[in-house]
Amino acid sequence: MTVIVDRDEDARKALVQSLGEDVPTLPKLDLIKAHLSEHPNESVIVIGPTIDLRAALDTTERLRLSHPTLGVVLVRRRVDSSLLAEALRAGVREVVEERDLSGINSATTRVAELATALRGADQSVVEDDE
């Protein structure tokens, strides 16, 4: 499952349109922790373009440790090599320009598939230990 986080309602609507009508949205990063406690099998968080970059990267770093199978797709108005390097260091799985709606959809699909594979790998490690 995927959740979208963005302060701007229009940006959230555009991302929902890209990903499908059943995608829940949150207006701020502070709500992610509560959302994840209610939806522990969440696979992807799409952080929209109006969320402050530093806050998005800090949140991603924390999630990488607390929810290692959860993937973050970062959507930005402009993508350059500096942004990509920062995002990579923070643990963002995909960075996409906001105008690339099909790219956002494809990135989210790839990240969800990876989350599923990682969860399966976690299960097989547990089973092998038993």
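Before reading on, note that the structure itself is shown above.
Residues numbered from 1 in each chain as written. Predicted model: local features only at pLDDT ≥ 70, side-chain atom pairs only at ≥ 80, totals over all residues. Heavy atoms only, no water.

Novice: How would you explain the overall build of the protein if you had to name every residue and give the values?
Specialist: Along its length, the protein carries five helices and five strands. Against the 2.2 N^0.38 benchmark of 14 Å for 130 residues, the protein shows a C-alpha radius of gyration of 14 Å, consistent with a compact globule. Projecting the C-alpha coordinates of the protein onto the three principal axes gives extents of approximately 50 × 30 × 25 Å. A burial count over the protein gives 39% of its 130 residues as buried. Contacts spanning at least 24 positions in sequence make up 57% of the contacts within the protein whose residues lie at least 6 apart. Total accessible area on the protein stands at roughly 7,300 Å², and carbon and sulfur atoms take up 50% of it. (Helix = DSSP H or I, 4+ residues; strand = E, 2+ residues; numbered from the N terminus. Rg over C-alpha atoms; globule rule 2.2 N^0.38 Å. Buried < 20%, exposed > 50% of the residue type's maximum accessible area, 1.4 Å probe, protein only. Contact = heavy atoms within 4.5 Å. Areas by Shrake-Rupley, 256 points an atom, 1.4 Å probe, with all protein chains shown as cover.)

Novice: Could you give an account of the pattern of salt bridges, naming the residues involved and the relevant values?
Specialist: Considering all chains together, one arrives at seven salt bridges under this definition. Here Lys 13 and Glu 9 are joined by a salt bridge, their closest N and O atoms 3.4 Å apart. Here Lys 13 and its partner Glu 9 are both found in helix 1 (residues 9–19), four residues apart, which amounts to about one turn of the helix. With a relative accessible area of 46%, Glu 9 lands in the partly exposed category. The salt bridge involving Glu 86 is made with Arg 54; its shortest N-O contact spans 3.5 Å. Within this pair, whereas Glu 86 is found in helix 4 (residues 81–90), its partner Arg 54 is found in helix 3 (residues 53–66), the two being separated by 32 residues in sequence. For Glu 86, a relative accessible area of 25% translates into the label partly exposed. Residue Arg 54 is classed as partly exposed on the basis of its relative accessible area, which comes to 41%. A cluster of three or more residues bridged by salt bridges with shared partners is formed by Arg 54, Asp 58 and Glu 86. (Salt bridge = Lys/Arg side-chain N within 4 Å of Asp/Glu carboxyl O.)

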